[in-house]
Amino acid sequence: MKAVSCERGTLSVVDRPTPSPARGQLLLEVRRCGICGSDLHAKDHADELTDVMDEVGYPDFMRQDTPVVLGHEFVGEVAERGAGAPNEFRVGAPVVSFPMVRAAGGVHMTGLSPLAPGAYAEHVLAEASMSFVVPNGLDLDIAALTEPMAVALHAVRRSQIGKRDVAIVIGCGPVGLAVICHLKSRGVQTIVASDFSATRREMAARCGADVVVDPAVDSPYTAVDQSGVVTEAQQLFELAVGAMEKLRRVPGWSHLYRVADRLGAASPKRPVVFECVGVPGIIDGIIRAAPLQSRVVVVGVCMGTDHFRPAVANGKDIDLRFVFGYTPLEFRDTLHLLAEGKVDASSLVTGTVGLDGVARAFEVLGAAEAHAKILIDPRSDAVSP
């Protein structure tokens, strides 16, 4: 089979043996595979990622000097079932799969380890237990978005955002756009999107952002009316003392305070901020600029060393949450949200290439803002998205 191999920052089309499914596995004929931002980074900086993964306990991550077939955002058709794979995975059925596979005596990350070749190829292996038949005739382009959209669903769930909260999305690349799609689907009434790129701000509006902001011109934190939001410590002090002056006049005031606290009415309103950029300095900038008691969900993965001042976050009572990946249930639920039309992610797909066009697609994604998600179709002859 043909596949795209990555070694020492070079992408090349090579011939590899078609793998055979082990017990409980599926061999998929790849129909679409998305190019992820982590793939872009891994191409040239794999050893940085290897060091990070070593620290979290996964020593088999890809390395710069070891050939690897990338690709973990994929949909394929069942070409062969291994022994014990359920009959629901009939040959020809379209399937998406959680990108982990058993190999070499362990479980490995599909497309991010040389032990688990990914879907920049004509075929890829998947675990039947982690795979799901694509329902409702969902378009394969959209089905291929299941994995990145699951990342966004996990982030939105971890944010515990309510419909009446103000969501502020910093960065409107594929991750930020996916977050906006889920926020819109959940009925969040006010979504502010911030990006320096006019093209990406347009994409954000199409995905459901209510307000789009160029941060070079306006602050996303003041782009909408946020009555009750506290931006300075002095305001919080005044709120605390003023509220107690009134409450202490009421017999049994502490019981009233507890009820208000349980209902969320005892604290100032705060936005929920989604950091979807992942470059050094962004977290510090958000902590400095966001209102007091903001909840900040860090979705963007910063590969380098970063710095921020914890004392500022302490002083502003910032709730800082880091998120990564998704659960198998979130992956399954994402597929069905897409298939049932409850989440519209169609605006994310901006181009398609064949295997011979993967290197060019990496160049385009690394240098331009006109694209969000470029898909690989191994059957296509396109060499440019």
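Remember, predicted model here, so these are calculated numbers, not experimental data. Note on numbering: residues in each chain are counted from 1, in written sequence order. This being a predicted model, a pLDDT of at least 70 is required before a residue's local features are given, and a value of 80 or more before pairs of side-chain atoms are given or counted; all residues contribute to the totals for chains, interfaces and linings. Side-chain descriptors were evaluated using all non-hydrogen atoms of the structure, hydrogens and water having been removed beforehand.

### Re the environment of Ala178
Argument step 1. Counting through the fold element by element, Ala178 comes out in helix H4 (residues 174-185).
Argument step 2. In this structure Ala178 comes out as buried when scored by relative accessible area, which is 1%.
Argument step 3. Sequence separation between Ala178 and Val343 is 165 residues; the distance between their C-alpha atoms is 9.5 Å. Helix and strand definitions here come from DSSP, where helices need a minimum of 4 consecutive H or I residues and strands a minimum of 2 consecutive E residues; each element is numbered from the N-terminal end. The buried label applies to any residue whose accessible area, calculated with a 1.4 Å probe on protein chains only, is under 20% of its type's maximum; exposed applies above 50%, and partly exposed to all values in between.

### Points about the UniProt feature "domain: Alcohol dehydrogenase-like N-terminal" (unreviewed entry) in the protein chain
Argument step 1. UniProt positions are given in the numbering used here, feature names are shortened, and annotations may be inferred rather than shown by experiment. Those residues carrying the UniProt feature "domain: Alcohol dehydrogenase-like N-terminal" (unreviewed entry) are residues 23-135 in this numbering.
Argument step 2. Segment residues 23-135 splits into 17% helix and 36% strand. End C-alpha atoms: 25 Å apart.

### A short note on unusual backbone geometry
Comment: phi is negative for the bulk of residues other than glycine, and the bulk of peptide bonds are trans.
Argument step 1. Unusually for a residue other than glycine, Ala104 sits at a positive phi of about 50°.
Argument step 2. Note on placement: Ala104 falls in the loop between strand E7 (100-103) and strand E8 (106-109).
Argument step 3. Taking relative accessible area as the criterion, Ala104 reaches 65% and is therefore assigned exposed.
Argument step 4. At Asp317, a position not held by glycine, the phi torsion is positive, near 55°.
Argument step 5. Secondary-structure assignment places Asp317 in the loop between helix H9 (310-315) and strand E16 (319-322).
Argument step 6. Overall, Asp317 belongs to the partly exposed group, its relative accessible area being 46%.

### Quick look at a negative patch on the surface
Argument step 1. Two joining distances apply to patches: 9 Å for like charges and 5 Å for nonpolar side chains (Val, Leu, Ile, Met, Phe, Trp, Tyr), and every residue must have over 30% relative accessible area and no salt bridge. Surface exposure here means Shrake-Rupley accessible area, sampled with a 1.4 Å probe, where a residue is shielded only by the protein chains that are shown. Salt bridges are identified by distance alone: a Lys or Arg side-chain nitrogen within 4 Å of an Asp or Glu carboxyl oxygen. His is not counted, nor are the chain ends, whereas Lys and Arg count as positive and Asp and Glu as negative. A charge is said to be at NZ when it belongs to Lys, at CZ for Arg, at CG for Asp and at CD for Glu. A contiguous patch of negative charge on the surface is contributed by Glu7, Asp47, Glu48, Asp51, Glu55 and Asp65.
Argument step 2. For Asp65, a relative accessible area of 43% translates into the label partly exposed.

### What to know about helix H3 (residues 146-159)
Argument step 1. Its 14 residues give H3 an end-to-end C-alpha distance of 20 Å, which sits within 8% of 20 Å, the value for a rise of 1.5 Å per residue.
Argument step 2. With respect to burial, H3 is a largely interior element, eleven of its 14 residues being buried.
Argument step 3. Taken together, the buried positions of H3 are Thr146, Glu147, Pro148, Met149, Ala150, Ala152, Leu153, His154, Ala155, Val156 and Ser159.
Argument step 4. Positive phi shows up at Gln160, right after H3, with a value of about 55°. In this scheme, a helix's expected span is set at 1.5 Å multiplied by one less than its residue total.

### Regarding the nonpolar core
Argument step 1. In these notes, a set of buried Ala, Val, Leu, Ile, Met, Phe, Trp, Tyr and Cys residues joined through side-chain atoms within 4.5 Å is what counts as a nonpolar core. Residues Met149, Ile180, Leu183 and Phe274 are the most contacted members of the largest nonpolar core, which totals 48 residues.
Argument step 2. Among the elements of the structure, helix H2 (140-143), H3, strand E11 (166-170), H4, strand E12 (190-194), helix H5 (198-207), strand E14 (272-275) and helix H10 (328-339) are those that each provide at least two residues to this core.
Argument step 3. If you tally residues by element for this core, the top one is H4, at six residues.
Argument step 4. Both domains that furnish three or more residues to this core are identified here as domain 1 (2-133 + 345-376) and domain 2 (149-322).
Argument step 5. In what follows, a contact means two residues having at least one pair of non-hydrogen atoms within 4.5 Å. Filtering out sequence-adjacent residues up to four positions away, Ile180 remains in contact with Val169, Cys172, Ile191, Ala193, Ala204, Cys207, Gly208 and Ala209.
Argument step 6. In terms of nonpolar packing, the next biggest core, distinct from the first, is built from 43 residues, Cys6, Val30, Phe89 and Leu112 among them. The split of the chain into domains comes from an automatic or database domain assignment.

### Notes on the domain arrangement of the protein chain
Argument step 1. Per the domain assignment, the segments making up the protein chain are domain 1 (2-133 + 345-376) and domain 2 (149-322).
Argument step 2. Relative to domain 2, the C-alpha centre of domain 1 lies at a distance of 34 Å.
Argument step 3. Taken together, the contact between domain 1 and domain 2 spans 13 residues of the former and twelve residues of the latter.
Argument step 4. A combined buried area of about 1,000 Å² lies between domain 1 and domain 2, and 71% of that area is made up of carbon and sulfur atoms.
Argument step 5. For the domain 1 face of the interface with domain 2, the top three residues by lost area are Ser347, Leu348 and Glu369, together amounting to 46%.
Argument step 6. Put simply, domain 1 and domain 2 have zero salt bridges between them.
Argument step 7. Pairs of N or O atoms are called polar contacts if they sit within 3.5 Å, as long as, within protein, a hydrogen donor faces a hydrogen acceptor (for residues adjacent in sequence, only side-chain-to-side-chain pairs). Summed over the shared surface of domain 1 and domain 2, the result is zero residue pairs in polar contact (both at pLDDT 80 or more).
Argument step 8. In terms of residue count, the dominant contributor to the side of domain 1 that touches domain 2 is helix H1 (residues 37-55) (three residues). Buried area is calculated as the accessible area (1.4 Å probe) missing from two parts once they are joined, with the contributions of both summed.

### A look at the pairing of strand E2 (residues 10-15)
Argument step 1. The pairing of strand E1 (residues 2-7) with E2 spans six bridges and is antiparallel. Among the inter-strand pairings, Cys6 is bridged to a residue of E2, identified as Leu11.
Argument step 2. Turn length for the E1-E2 hairpin, with the two strands adjacent in sequence and antiparallel, is two residues, and the turn residue Arg8 shows positive phi of about 50°. One bridge is not enough; two strands pair if DSSP finds at least two bridges between them.

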